[in-house]
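# An overview of the molecular structure
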Amino acid sequence: MSQQNAHSARIRRHTRVRRRVTGTPERPRLAVFRSNQHIYVQVIDDAAGRTLAAASDRETALGATGSKSDRAKQVGALVAQRAKQHGITEVIFDRGGFRYAGRVKILADAAREEGLVF
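Model, not experiment: these values are computed from the prediction. (Residues numbered from 1 in each chain as written. Predicted model: local features only at pLDDT ≥ 70, side-chain atom pairs only at ≥ 80, totals over all residues. Heavy atoms only, no water.)

### Section: helix H1 (residues 3-18)
- Over its 16 residues, H1 runs 22 Å from end to end, which matches the ideal 22 Å to within 8%, given 1.5 Å per residue.
- Ala9, Arg10 and Val17 are the residues of H1 that are buried. In an axial view of H1, the angular spread of the buried residues amounts to 100°, which keeps them on one side of the axis. In this structure, H1 carries Gln4 and Arg12 as exposed residues pointing more than 90 degrees from its buried face.
- Its buried side turned inward, H1 meets strand S1 (29-34) and strand S4 (92-94). (Helix = DSSP H or I, 4+ residues; strand = E, 2+ residues; numbered from the N terminus. Expected span 1.5 Å × (residues − 1). Buried < 20%, exposed > 50% of the residue type's maximum accessible area, 1.4 Å probe, protein only. Arc of directions from axis to C-beta. Contact = heavy atoms within 4.5 Å.)

Now the structure itself:
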C-alpha cells in the first residue's frame, strides 16, 4: 500500500470512529496521533472546541529518551496527570484511526495506570 493510500485509509477509519466518539465537558475525548517518530495526545472538549490538556514526546520535560514505546508510556502518564490537574478523571478514548496495538495501547494503559477511566 502506498503512503498516500495508507494515509487516506487512516483518515477514513478516523472519520468512522469520530461519528460515535464525541467529547463532552463531563467526559472529554482523549485523542491520539502517532507519527513515525513521535506520539501526541490531547484531551478535548468537543462541545466547547477546546483542548483541556495535551502532551507529546517532543516536550523537553520528558527528555525524549528511550524507545518509542517507552516515550509513549511517559506521554500517557503525563497527559493523565495533566488531565487530573484540571479535574478530569473520565475520558472517551479516540485512537485516531490507528490500530489499538503497540504505542497506542501502551499510551492508553499508562493513562489508565495514572487514574484516567475509559
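### A word on helix H3 (residues 102-113)
- For H3, built from 12 residues, the straight-helix expectation of 16 Å at 1.5 Å per residue is met to within 8% by its first-to-last C-alpha distance of 17 Å.
- Along H3, the residues that are buried comprise Arg103, Val104, Leu107, Ala108, Ala110 and Ala111. The arc enclosing the buried residues of H3, seen along the axis, measures out at 160°, which places them on a common side.
- Those residues of H3 that are buried are in contact with S1, strand S2 (39-45), helix H2 (68-85) and S4.
- Gly115 sits one or two residues past H3 and shows a positive phi near 115°.

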